[in-house]
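Results of the structural survey
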Amino acid sequence: MAFTLPALTFEYQALEPYVDTTTMQIHHTKHHQTYITNVNNALEKFPELASLGIVDLNKAVGTDKIPKELATVVRNNGGGHWNHSFFWKVLTAPTNSNGPSAELKAAIDASFGSMDDLKTKFNAAATTRFGSGWAWLGMKPDGTLGITSTPNQDNPLMPVADDHLVPILGLDVWEHAYYLKYQNRRPEYIAAFWNVVNWEQVNANFTAAVGGAVPSL
Amino acid sequence: MALQFAAQRLLLLKETYVVASRGVATFKLPELSYDFGALEPFISGKIMELHVTKHHAAYVNNLNNALAQYAEAESKGDVAKMIALQGAIKFNGGGHVNHDIFWTNLISPKDFRPPSGELLQKIESQWKSIDNFKTTFSAASAGVQGSGWGWLGYNKGADRLEIVTLPNQDPLSTTGLVPLLGVDVWEHAYYLDYKNVRPDYLKAIWNVVNWKNIEDRLAAAKK
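This is a predicted model, so every value here is computed, not measured.

1. A look at the packing of aromatic side chains
Residues and elements named next belong to chain A. Under the criterion given, the structure shown has 26 aromatic pairs over all chains. The interplanar angle of 70 degrees and the centroid separation of 5.3 Å between the aromatic rings of F122 and W194 together place this pair among those described as edge-to-face. You can see F122 sitting in helix α6 (residues 115-128) and its partner W194 sitting in the loop between α8 (186-193) and α9 (199-210), a full 72 residues away along the chain. Given the relative accessible area of 0%, F122 is considered buried. One aromatic cluster is present, formed by W82, F86, F87, W88, W134 and W136 through successive ring pairs. Stacked on the ring of Y182, the Lys or Arg K181 has its end atom at 5.6 Å from the ring centre.

2. A short note on the UniProt feature "domain: Manganese/iron superoxide dismutase N-terminal" (unreviewed entry) in chain B
In the numbering adopted here, UniProt assigns the feature "domain: Manganese/iron superoxide dismutase N-terminal" (unreviewed entry) to residues 26-106 of chain B. The span residues 26-106 of chain B shows a helical share of 69% and a strand share of 0%, and its end C-alpha atoms are spaced 25 Å apart.

3. A few points about the packing of helix α5 (residues 117-127) of chain B against helix α6 (residues 130-142) of chain B
Residues and elements named next belong to chain B. Packing of α5 against α6 leaves a shortest axis separation of 8 Å and a crossing angle of 75 degrees. By the angle between their directions, the pair α5 and α6 is classed as roughly perpendicular. Note on element contacts: α6 touches α5 through I130, N132, F133 and T136, opposite L120, I123 and W127. In terms of residue class, the contact of α5 with α6 is built from five nonpolar, two polar and no charged.

About the criteria used
Sequence order as written defines the numbering, with residues in each chain counted from 1. Starting at A for chains and at 1 for ligands, labels are handed out in the order in which the entities are written. Thresholds applied to this predicted model are a pLDDT of at least 70 for local features of residues and 80 or more for the giving and counting of side-chain atom pairs; totals over whole chains, interfaces and linings are not thresholded and use all residues. Think of the side-chain values as coming from all heavy atoms in the structure, minus any hydrogens and water. Centres within 6.5 Å make a pair out of two Phe, Tyr or Trp rings, where for Trp the six-membered ring is used; the pair is then stacked when the planes are under 30 degrees apart, edge-to-face when over 60, and tilted otherwise. A run of H or I in DSSP becomes a helix once it reaches four residues, and a run of E becomes a strand once it reaches two; helices and strands are each numbered from the N terminus. For every residue, the accessible area (1.4 Å probe, protein chains only) is compared with the maximum for its type, and the residue is labelled buried under 20%, exposed over 50%, or partly exposed between those bounds. Lysine NZ or arginine CZ positioned within 6 Å of the ring centre and within 35 degrees of the ring normal marks a charge as sitting over the ring. UniProt positions are given in the numbering used here, feature names are shortened, and annotations may be inferred rather than shown by experiment. Between N-to-C directions, angles cover 0 to 180 degrees, with each direction set by a line fitted to C-alpha atoms, over the stretch in contact for helices. Should an angle fall under 35 degrees it is called roughly parallel, over 145 degrees roughly antiparallel, and 65 to 115 degrees roughly perpendicular, with every other angle called oblique. Pairs of residues are marked as contacts when any of their non-hydrogen atoms sit within 4.5 Å. Note on residue categories: nonpolar means Ala, Val, Leu, Ile, Met, Phe, Trp, Tyr, Cys or Pro, charged means Asp, Glu, Lys or Arg, and polar means any other residue, Gly included.

Here is the structure:
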């Protein structure tokens, strides 16, 4: 069963003025679609790998479950597909962006001190990721929350990642995610991102992680 | 006797703890030999202006800052800090070196001249034709995952040209090859003009490649 482009739960212009319409359109229909096309092509002759599902495929990156000749294309494109599918779900119109649940807020305060401290750390991870990559808030194996960044289309589900977290919130900091509107001004994009966070979804991701599960897409 | 020993010990202490002062370089943004708009319509003036005055400038500023911090750490003997700064020096130093080369590799399309001399000879002997070389170079550069550069480098030991890609701002010097032509494939290099279609950028850029500069670099490398 081939992977397909998931629909967004909002219109392309819904994140204005924080993320522009054209970026959302190209990001979804071109960049994300390309990752899907590429991973489908790579796995055409390996149906047993495709049938793992996208989460388990990502969890297999760097292991010998994936044949050597597929390793790079699966890492980049299987990673890209999961990352963007996850990302679209944690975004929403600014009028629909509320806040963390009481449980999530308690976990944030316990792990970072406060929401402001979380944002400071997350923003730093997103700003200092050199080149292309992602910033993540996630749950560590010990149940506390942590922040990390990954290069290119890696994510904390992958064995190759420096930090293994169950992702709860993520931010794409590839230049294609912000260049049309923000150009080189990545910190401005990162600050704007907080206006369009879909806390309902983030809360659900947290609940899933507390229960030992990877958030469903 | 005691005085002599004391004097010798003072000398030894001086050598161990007094750090010789080293020149701290301050790197500067270069001046381009053409206007930002000179590469139109293949690379827009808008991209060129951002690329030079924001991206390259940031590498220069960050490099200078990192080096200033490095000098201070070194003067305090703080080796841990010196090591911690090496990432920033590599990113930003590489960014500066790479872009410095890149601006000289480009020329206005109205001044474009095709390759000649030994460079042409080498390209044809290794890739059969300029067109085949361009196709091969562009394909390699298009295939860079994330941010990075495509390079034509000179292998002095083997007297051969090589096409190599590198991630992020890793400079070609890390491979031992002499840089002849670098093409930036970070999205900032083309996104405003070409969006996600990196291959279109890699087709267009051949109209503004300064082959004379590449020939000069090869000649200099062979000295």
